[in-house]
Amino acid sequence: MINKGLLTPEKDPMGNAIADYARHHKAGRLRVFSSQFDEDEIPVRKLFRTEKQMPPLEKRALQLATGKILDVGAGSGCHSLALQEAGKEVHAIDISQLSVKVMHLRGVVHATQANLFDERFCGSYDTILMLMNGSGIIGKTENMPVFFRKLKQILAPTGCVYMDSSDLRYLFEEEDGSLAIDLSGSYYGEIDFQMQYKDILGDSFDWLYIDFQSLSYYASENGFQAELVQEGCHYDYLARLSIKS
Ligand code: SAH
């Protein structure tokens, strides 16, 4: 089942890290656990990157965004702020109460606590941005129909989505170039994560990394088309999704 809920501060490690960094210009360790990988960390300062510090795929998405823009899972508001500075109209949403508070403090004019998949969330947007492995919030490939149905509801007829993701294939590549992937198992980009910041431990959640070919397949199965806008330097890419013409 896709997650349609919101995050309150007691259950929101990333939101607390973002709030600390906004207040003190530093934060503790934002730890990331997964049953599939070793423990990792998200450098909190990266969540506050300026346009200059952004990877090329994100810069490209910002340049391409036009009209009424929705920044989904906006975090600290780094993309929304850059778009506002460029004189564009942007609406930011995030499930994290703390992140939305930080966005207001940082000057994001339209920032709302909302879950993309909540039926009550509606609107009509010319550009929808899903950045920093934006496919993540889809959670699992089985949620693709729900995701595309939602997009159909909130995209203007000629609108499009810019979403970035990575193909995790490189994690399963053997030295001879073959892939050690169990094809009878679940899709190799379906990852479970859990985060911790100080003593705040979040619930475990599903996060989807998807290769472009699979994304194109699900898009066309659900009345959309996917185009490859740009490839990044490490198995990552920016895709454009639009309603099939
Ligand atoms: N886009 C930001 C933050 C990425 S982290 C950046 O590039 O820095 C992903 C963000 O998505 C988190 O802030 C999380 O709270 C938010 N999020 C997760 N699921 C969501 C959903 N279903 N609807 C809206 N926001 C969501």
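Above this note sits the structure.
1. Considerations on the site of the ligand
- If you check the shell around the ligand, you find 17 residues, and the closest are Arg49, Gly73, Asp94, Asn115 and Leu116.
- Asp94 has a polar side-chain atom sitting 2.6 Å from an oxygen atom of the ligand.
- A distance of 3.4 Å is found between a nitrogen atom of the ligand and a backbone nitrogen or oxygen belonging to Leu131.
- Compared with its free state, where it exposes 580 Å², the ligand has 92% of that area covered by protein.

2. Focus on the pattern of salt bridges
- Applying the stated rule across the entire model yields 12 salt bridges.
- One salt bridge connects Glu119 with Lys4, and the closest N-O pair in it is separated by 2.7 Å. Taken together, the residues span a long stretch of sequence, with Glu119 in the loop between strand E5 (111-113) and strand E6 (125-130) and Lys4 in the segment before helix H1 (13-24) at a distance of 115 residues.
- Connected through salt bridges with shared partners, the residues Arg29, Arg31, Glu39 and Glu41 form a single ionic network.

3. Structural notes on the sheet that holds strand E12 (residues 236-243)
- Pairing in this open sheet of seven strands is mixed, and the strands run E5-E4-E3-E6-E7-E12-E11 from one edge to the other. Looking along the sheet, the strands with just one partner apiece sit at the ends: E5 and strand E11 (224-231). Averaged over all adjacent pairs, the angle separating strand axes in this sheet is 20°, with direction ignored.
- As judged from the five bridges shared by E6 and strand E7 (residues 155-166), these two strands associate in the parallel manner. Within the sheet, the bridge partner assigned to Ile128 lies in E7 and is Val161.
- The strands touched by helix H5 (residues 144-154) within the sheet are strand E3 (68-72), E6, E7, E11 and E12, with E7 carrying the most contacts at an inclination of about 140°.
- Across the face of the sheet, helix H6 (residues 212-221) comes into contact with E7, E11 and E12 while running at roughly 155° to E11.

Scoring rules and cut-offs
Residues numbered from 1 in each chain as written. Predicted model: local features only at pLDDT ≥ 70, side-chain atom pairs only at ≥ 80, totals over all residues. Heavy atoms only, no water. Near = heavy atom within 4 Å. Polar contact = N/O pair within 3.5 Å; in protein donor to acceptor, adjacent residues only side chain to side chain. Areas by Shrake-Rupley, 256 points an atom, 1.4 Å probe, with all protein chains shown as cover. Salt bridge = Lys/Arg side-chain N within 4 Å of Asp/Glu carboxyl O. Helix = DSSP H or I, 4+ residues; strand = E, 2+ residues; numbered from the N terminus. Pairing = 2+ DSSP bridges. Axes fitted to C-alpha atoms, helices over the stretch in contact; angles between N-to-C directions. Contact = heavy atoms within 4.5 Å.

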